[in-house]
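What follows is each chain in one-letter form.
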Amino acid sequence: MKPLTHFDSAGQAHMVDVGDKPATHRIAVARGRITMQPETLQRVQTGQAQKGDVIAVARIAAIQGAKRTSELIPLCHPIQITRIAVEFDVDADACAVECTARVETHGPTGVEMEALTAVQVGLLTIYDMCKAADRGMVIGEVRLLEKHGGRSGSFVAGDG
């Protein structure tokens, strides 16, 4: 098992030094879902939620979340993001909305945390906009699907 990089030799938390790492094209894709009552999903799909177009607002929130990741996660580096793409897909059979975020940069450190944060913030925004109708919504299955670039190479999640 590889050592955890956010701890020094004395076991103290620290920000990883990326100063000597080469800048490469880095990509991360993450996904998660929020399940809800059928009536709530219908409101989301038709834009009939009290607070407006849920998906449009959640997309902007997800983008903002990716951009602010280093302010939320203490040991994340502030990075220059070159692209953020956020998609929402409705799974009517499961009464769920899936959020997928793809984040890219050209730099010395990856964007996995930014992609994961984008998904979480997008899904939390859906919850916030629909909670008056459905407080039982469940956010879950948030995970990194793939990562490319950097010294550790590529990672693609299995179906598990």
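Above this text sits the structure in question.
Predicted model, so just to flag it, every value in this text is computed and none were measured. (Residues numbered from 1 in each chain as written. Predicted model: local features only at pLDDT ≥ 70, side-chain atom pairs only at ≥ 80, totals over all residues. Heavy atoms only, no water.)

Engineer: Any chance you could explain the overall build of the protein chain here in plain terms?
Structural biologist: Looking only at helices and strands, the protein chain has four helices and five strands in total. Starting at the N terminus and walking to the C terminus, you meet the elements of the protein chain as β-α-α-α-β-β-α-β-β. Expressed as lengths along the three principal axes of its C-alpha atoms, the size of the protein chain is roughly 50 × 30 × 25 Å. Relative to all contacts within the protein chain whose residues are 6 or more apart in sequence, the contacts with residues 24 or more apart total 69%. A gap of 3 Å separates the mean positions of the 17 positive and 19 negative side-chain charges of the protein chain. (Helix = DSSP H or I, 4+ residues; strand = E, 2+ residues; numbered from the N terminus. Contact = heavy atoms within 4.5 Å. Lys, Arg positive; Asp, Glu negative; His and termini not counted. Charge placed at Lys NZ, Arg CZ, Asp CG, Glu CD.)

Engineer: Would you mind showing me how to read the pairing of strand E1 (residues 24-35) here?
Structural biologist: In regular strands, side chains alternate between the two faces of the sheet. Sheet topology note: the E1/strand E3 (residues 96-107) ladder contains twelve bridges and is antiparallel. For Arg26, the partnering residue across the bridge sits in E3 and is Thr105. Examined bridge by bridge, E1 and strand E4 (residues 138-148) share eight bridges and lie antiparallel to one another. Looking at E4, one finds that Ile27 is bridged to His148. (Pairing = 2+ DSSP bridges.)

Engineer: Before we go on, may I ask you to explain a nonpolar patch on the surface in this structure?
Structural biologist: On the surface, Leu72, Ile73 and Met113 cluster together to form a nonpolar patch covering roughly 240 Å² of accessible area. Counting through the fold element by element, Leu72 comes out in helix H3 (residues 69-72). (Patch = residues over 30% accessible without salt bridge, like charges linked within 9 Å, V, L, I, M, F, W, Y side chains within 5 Å. Areas by Shrake-Rupley, 256 points an atom, 1.4 Å probe, with all protein chains shown as cover. Salt bridge = Lys/Arg side-chain N within 4 Å of Asp/Glu carboxyl O.)

Engineer: Could you clarify how one ought to interpret the pattern of salt bridges in this entry?
Structural biologist: Between side chains of opposite charge, a pair can form when the charged atoms approach closely. Tallied over the entire structure, the rule returns seven salt bridges. Residue Arg31 pairs with Glu98 through a salt bridge whose shortest N-O separation is 3.9 Å. Here Arg31 is found in strand E1, whereas its partner Glu98 is found in strand E3, with 67 residues between them in sequence. Arg31 gets classed as partly exposed once you look at its relative accessible area, which sits at 32%. The partly exposed category is assigned to Glu98, whose relative accessible area is 22%. (Buried < 20%, exposed > 50% of the residue type's maximum accessible area, 1.4 Å probe, protein only.)

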